[in-house]
Amino acid sequence: MTPVLMLGAGRLGGALIEGWSRFGGPAGADLLVLDPTPSEAALAAGRAGALLSPGPADLARAGTVLLAVKPQIWREVAAAVAPDLSADAVIVSVAAGVRASDISEALGGRRVARVMPTTAVAVGRGVASLFATDPEAAARARALFAPVATVVDLAEEHLLHAATGVSGSAPAYFYAFVEALEAAGVAAGLPADAARDLARATMVGAAALMDASGEDPAELRRQVTSPKGTTEAALGVLMGEGGLFPLLEAAVAAAARRSAELGG
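Residue positions are given per chain, counted from 1 along the sequence in the order it is written. Totals for whole chains, interfaces and linings use all residues, but because this is a predicted model, local features are given only for residues with pLDDT of at least 70 and pairs of side-chain atoms are given and counted only at 80 or more. Side-chain measures here rest on the full set of heavy atoms in the structure, leaving out hydrogens and waters.

Details of the overall build of the chain
Turning to step 1, where the next piece is worked out: Labels follow the DSSP assignment, with helices taken as runs of H or I lasting at least four residues and strands as runs of E lasting at least two, numbered in each case from the N terminus. A tally of helices and strands in the chain yields twelve helices and eight strands.
Turning to step 2, where the next piece is worked out: In terms of its C-alpha atoms, the chain occupies a principal-axis envelope of roughly 70 × 40 × 30 Å.
Turning to step 3, where the next piece is worked out: Looking at the chain as a whole, 39% of its 264 residues qualify as buried.
Turning to step 4, where the next piece is worked out: At a minimum sequence separation of 6, the contacts of the chain that also span at least 24 residues come to 61%.
Turning to step 5, where the next piece is worked out: Charge-centre separation for the chain: the mean point of 20 positive side chains lies 1 Å from the mean point of 27 negative side chains. Note on classification: 1.4 Å probe, protein chains only; a residue is buried when its accessible area is under 20% of the maximum for its type, exposed when over 50%, partly exposed between these limits. Contact criterion: two residues are considered in contact whenever any of their non-hydrogen atoms come within 4.5 Å of each other. Charge counting follows a simple rule: Lys and Arg are positive, Asp and Glu are negative, and His as well as the terminal groups are ignored. By convention, charge coordinates are those of NZ in Lys, CZ in Arg, CG in Asp, or CD in Glu.

Laid out in structure tokens, this is it:
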């Protein structure tokens, strides 16, 4: 499977490099990184033995190719490297919306797996939705992401659009919620630093409890909601008409539509 050629080492690629260096996975001499503006994580990998800006002979050695460029430029990147890759190289794509069949065609019919990960791979707590019809491609993708993420296998490729809305884009929803909660605290009269610390620590703690307990989120919600109490009053707004459930359904649908559009 190695060396692993990373086509793109920006925010997501850099997060993977960070995670692999801390929790296992390809690192150091197992990495080839091709990116005109590599992230600090990629530069650090270079100092640890990764080869930055590999040439044609190096590309030919790659056993696995991680396609981690923006969906808008993937075709030109694929065209630039396809002639130099080994016929046996397996492609693992994290380009949102881009179909496996299109990637395989652009890269000479090579086997392809698609993955939709989150940037929490940097701290070993990522999530990665995986689709592949070829068992070896699926195994390569799983080997790359299992050390740093919970891997969820999807039986049909079109489900990756929904996975993008529920998982791939969802860290931004969480950050936006915390941002809004901080602002609401300030509006209610709290000093900005107190609102910030309360909102952030509470959300992190609640997520940690859900993870540690394994409880259903609905049950955890019921456990902290006293009848006619303050939490019930707040949930009357959040779970009322036009609240979180229809709002998030619309948000996930919008992300899924955009994922399909990016695939052309």
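Having seen the model, we can carry on.
Some remarks on unusual backbone geometry
Turning to step 1, where the next piece is worked out: Note the cis peptide between T2 and P3, where omega equals 0°.
Turning to step 2, where the next piece is worked out: Summarising the element assignment, P3 is placed in the segment before strand 1 (4–7).
Turning to step 3, where the next piece is worked out: Backbone geometry places S53, a non-glycine residue, at a positive phi of 55°.
Turning to step 4, where the next piece is worked out: With respect to the helices and strands, the residue S53 is situated in the loop between strand 3 (51–52) and helix 3 (56–59).
Turning to step 5, where the next piece is worked out: With a relative accessible area of 56%, S53 lands in the exposed category.

A look at the packing of helix 8 (residues 170–187) against helix 9 (residues 192–213)
Turning to step 1, where the next piece is worked out: Note on method: axes are straight lines fitted to C-alpha atoms, helices fitted across the in-contact stretch only, with angles between N-to-C directions ranging 0 to 180 degrees. Following both chains from N to C, one finds helix 8 and helix 9 inclined at 140°, their axes separated by 8 Å at the closest point. Relative to helix 9, helix 8 is oriented oblique. Between helix 8 and helix 9 lies a crossing of right-handed hand. Here helix 8 contributes F174, F177, V178, L181, E182, G185 and V186 to the contact with helix 9, which in turn contributes A192, A195, R196, A199, R200 and M203. Angles below 35 degrees are treated as roughly parallel, those above 145 as roughly antiparallel, those between 65 and 115 as roughly perpendicular, and all remaining angles as oblique. Two helices cross in a left-handed way if the nearer one is turned anticlockwise from the farther one by less than a right angle. They cross in a right-handed way if the turn is clockwise.

Focus: the confidence of the model for the chain
Turning to step 1, where the next piece is worked out: Per-residue confidence from the predictor is reported as pLDDT, a score between 0 and 100. Taken residue by residue, the chain gives an average pLDDT of 95. The fraction at 70 or more is 100%.
Turning to step 2, where the next piece is worked out: When mean pLDDT is compared element by element in the chain, strand 5 (residues 90–93) scores highest at 98, while helix 2 (residues 40–47) scores lowest at 92.

Observations concerning the pattern of salt bridges
Turning to step 1, where the next piece is worked out: Counted as salt bridges are all cases of a side-chain nitrogen of Lys or Arg within 4 Å of a carboxyl oxygen of Asp or Glu. Under the defined criterion, the tally for this structure stands at eleven salt bridges.
Turning to step 2, where the next piece is worked out: For the salt bridge of E157 with R114, the shortest nitrogen-to-oxygen distance reads 2.9 Å. Separated by 43 residues along the polypeptide, E157 in the loop between strand 8 (149–153) and helix 7 (159–168) and R114 in strand 6 (residues 112–117) bring together distant segments of the chain.
Turning to step 3, where the next piece is worked out: Between R140 and E136 there is a salt bridge; the shortest N-O distance is 2.6 Å. With R140 and E136 both in helix 6 (residues 135–145), this residue pair falls four residues apart, about one helical turn.

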